[in-house]
Amino acid sequence: MKILLYNPDNGVTRNFMPHLWMFLLQAITPPGHEVTLIDANARAMSDDEIVKFIKEQKIELVGIGAMTRMAEKAYRVADAIRAAGVPVVMGGPHVTEVPDEALGRDGGPRHVDAIALGEADETWPKIVEDAARGELKEIYEPLDEAGKERKPSLQPYPEIPWESLDLDQFDFFPRILRPLLSRVGPRWQTFHIIPIESGRGCPYGCEFCTVTGFFGDSIRFRTNQSIVDELLKLKARAKKESGFFTVFFVDDNFAISIKRTKSLLRDIIAADAQVPWTAQISANLLRDEELVDLIARSGGRMIFIGMESIDHVNLADVNKSFNKPEEYAAVLNRLDERNIHAVTSFIIGLDNDTPGVADRILQQVRTWPAGLPIFGQLTPFPSTPLYKRLLKDGRLIRPKHWLKFERYSMAHRPLKMTIDETHQELHHAWAASYSPERNAEVIQSMSHKALGPRVFHFITRLVFRAIYFPQTTKRAWMKVVWQNRSTISGFVKEGLGMMLSPKKTSRDRIENSPAAVNAKKADDHVNRPSIVSARRILD
């Protein structure tokens, strides 16, 4: 049987990182079946084009995975595919949260032939075999003998053949930026972001988050060796292809067990399996100096931190009091000293937010090291404690907002701002953070660092800008490049100067920078591997 696994686009921006669920299901598909992957974030197709592809390829089963913001697109594509006579099974967080919706049991239309609830590690092989026999059931869920939900242990873990998979559709940077990117290093002929998970589950239970409801609050981990083996495959492929591969650990909180995370990072270092990687880690866990050292030495280059707010009341309202705003600066300085970029995430529209909240956040951000701030509005996802609270209080104005997806449009009434004011604050936060003037200011603040890290940070800023401002066409990218021509011109002049006068190398710039000198002093006193060791990895 020929199977298509399809991931809808996210409705916000093109996402060049493939979604892990597709590769996992492909890896555990029973022998004798052929699986094709399409991610609409990287390979855009109209509904008619998808149906045409399915007919030409003689696809017999389509699996669709969707988060809430993808639900409208997922249902529409599923309807078109079913109309062409091909069965559709849908899974993922949204379907798990509102299963009756996909099946048409809530008074709406039916969109699928079957649904997979929760984690599909155990149920997917059964779905495939039932579909091959023409005996699909309506609902598949992983249950134990007592009828209770069973979570997969992640041991053993499916082997994904990253060394041989076709990843062309996921080349990260648009072609227009590749000449500039090639200045960073000769191996950057391609740029792929690869999703890997080291564990599942989160015990924190933030009010707005769907993670605890989907993965549970018990933490499960893969073996260190299985992760090291994946990294070694990717490292070997990058060398073979003269490309750049970076890993995104998709765990919702990569360092939730600090002891275990340190063990994993030490094993990565010992196996020489370092590839540049990104992960999501709570600010409170980054207090640990040794952990941050190991992050740097093991290849950690970017850490996503859900700060959410600089207001203690807001954090308490959403059950995230473990975040301490007074600690943010120390955490960010700790990362910056080791050349680790911080992606700092904030929510606009929390119950204690008032007009001017964007400027209050931006004022704090400007006192921190160069980073990558991102902003989102408070969104009530179905079945979360936040959704239930707003529904009970009568504050939901679009209870099924996902059925008519509107980018950055509120689904509820904030407490201390109007909806229009919230939208204005969100827009201002993005515009001020990624204007050409702010980009130039940030790059100037990094003048003590080598050219490569500064170029990388600048390009990343342009990409992050596209999260909010539409930037998917060549013309849009050319406009952004032109707006930032002053900074780009500075990079070109500096690069040419280095080529003509190569006496001062990148290593000289790094090792003589104030941060490196201070780190060396600290190493001399404490006798611990720190920033200098991390920067040797960078070289």
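Asks: Help me understand the pairing of strand E7 (residues 191-196), please; the structure alone is not making it clear to me.
Replies: For a regular strand, the rule is simple: side chains alternate between the two faces of the sheet. Among the 6 residues that make up E7, 6 are buried, leaving the element largely enclosed by the rest of the structure. Residues of E7 alternate between two faces, with Phe191, Ile193 and Pro195 on one and His192, Ile194 and Ile196 on the opposite face, all of them buried. Both E7 and strand E10 (residues 244-249) contribute to a ladder of 6 bridges, which runs parallel. When the sheet's bridge partners are listed, Ile196 is paired in E10 with Phe249.

Asks: Looking at this model, I keep getting lost on the sheet that holds strand E6 (residues 139-140). Mind explaining?
Replies: What holds strands together in a sheet is hydrogen bonding between their backbones, with the strands either parallel or antiparallel. Taking strand neighbours across the sheet as the criterion, the 6 strands line up as E2-E1-E3-E4-E5-E6 in an open arrangement whose pairing is parallel. What marks the edges here is a single partner per strand, and that holds for strand E2 (34-39) and E6. Here strand E4 (residues 88-91) pairs with strand E5 (residues 114-116) via 3 bridges, running parallel. Bridged to Gly91 within E5 is Ala116. Sitting on the sheet, helix H1 (residues 20-28) touches strand E1 (2-7), E2 and strand E3 (61-65), and the angle it makes with E1 is about 160 degrees.

Asks: Would you mind showing me how to read the pattern of salt bridges here?
Replies: Side-chain pairs of opposite charge can arise whenever the charged atoms involved come near each other. One pass over the full model with this rule turns up 37 salt bridges. With a closest N to O distance of 2.8 Å, Glu327 and Arg287 form a salt bridge. Here Glu327 is found in the loop between helix H12 (312-317) and helix H13 (328-336), whereas its partner Arg287 is found in the loop between strand E11 (277-280) and helix H11 (289-297), with 40 residues between them in sequence. For Arg287, a relative accessible area of 42% gives the class partly exposed. Its salt-bridge partner being Arg338, residue Glu337 comes within 3.7 Å of it at the nearest N-O pair. Glu337 sits in the partly exposed class, given a relative accessible area of 36%. Residue class for Arg338 comes out buried when judged on its relative accessible area of 3%. Overlapping salt bridges bring together Glu119, Asp121, Glu149, Lys151, Glu197, Arg200 and Arg220 as one network.

Asks: What's the story with the sheet that holds E11 in this structure? I'm lost.
Replies: Spatially, 6 strands are ordered E7-E10-E11-E12-E13-E14 in an open sheet, and the strand pairing comes out parallel. Edge positions in the sheet fall to E7 and strand E14 (372-377), since each of these pairs with one other strand and no more. Pairwise comparison of adjacent strand axes, ignoring direction, gives a mean angle of 20 degrees for this sheet. Pairing of strand E12 (residues 300-308) with strand E13 (residues 341-348) involves 6 bridges; the strand directions are parallel. Note on E13: the bridge partner recorded for Gly306 is Ser345. On the sheet, H13 packs against E12 and E13 and is oriented at approximately 170 degrees with respect to E12. Set on the sheet, helix H14 (residues 357-365) makes contact with E13 and E14; between it and E13 the angle comes to about 165 degrees.

Asks: I would appreciate a short explanation of unusual backbone geometry in the present structure.
Replies: Omega for the bond connecting Gln155 with Pro156 falls within 30 degrees of zero, at 0 degrees, which places this linkage in the cis form. Relative to the helices and strands, Pro156 is located in the loop between E6 and helix H7 (178-181). A positive phi angle, near 55 degrees, is found at Asp272, a position not held by glycine. Inspection of the secondary structure assignment puts Asp272 in the loop between helix H10 (258-270) and E11. Taking the relative accessible area as the measure of exposure, Asp272 reaches 48% and is therefore partly exposed. Of note, Ser383 is a non-glycine position whose phi angle comes to about 75 degrees, a positive value. Structurally, Ser383 can be placed in the loop between E14 and helix H15 (385-392).

Procedures and definitions
- Residues numbered from 1 in each chain as written.
- Predicted model: local features only at pLDDT ≥ 70, side-chain atom pairs only at ≥ 80, totals over all residues.
- Heavy atoms only, no water.
- Buried < 20%, exposed > 50% of the residue type's maximum accessible area, 1.4 Å probe, protein only.
- Helix = DSSP H or I, 4+ residues; strand = E, 2+ residues; numbered from the N terminus.
- Pairing = 2+ DSSP bridges.
- Contact = heavy atoms within 4.5 Å.
- Axes fitted to C-alpha atoms, helices over the stretch in contact; angles between N-to-C directions.
- Salt bridge = Lys/Arg side-chain N within 4 Å of Asp/Glu carboxyl O.

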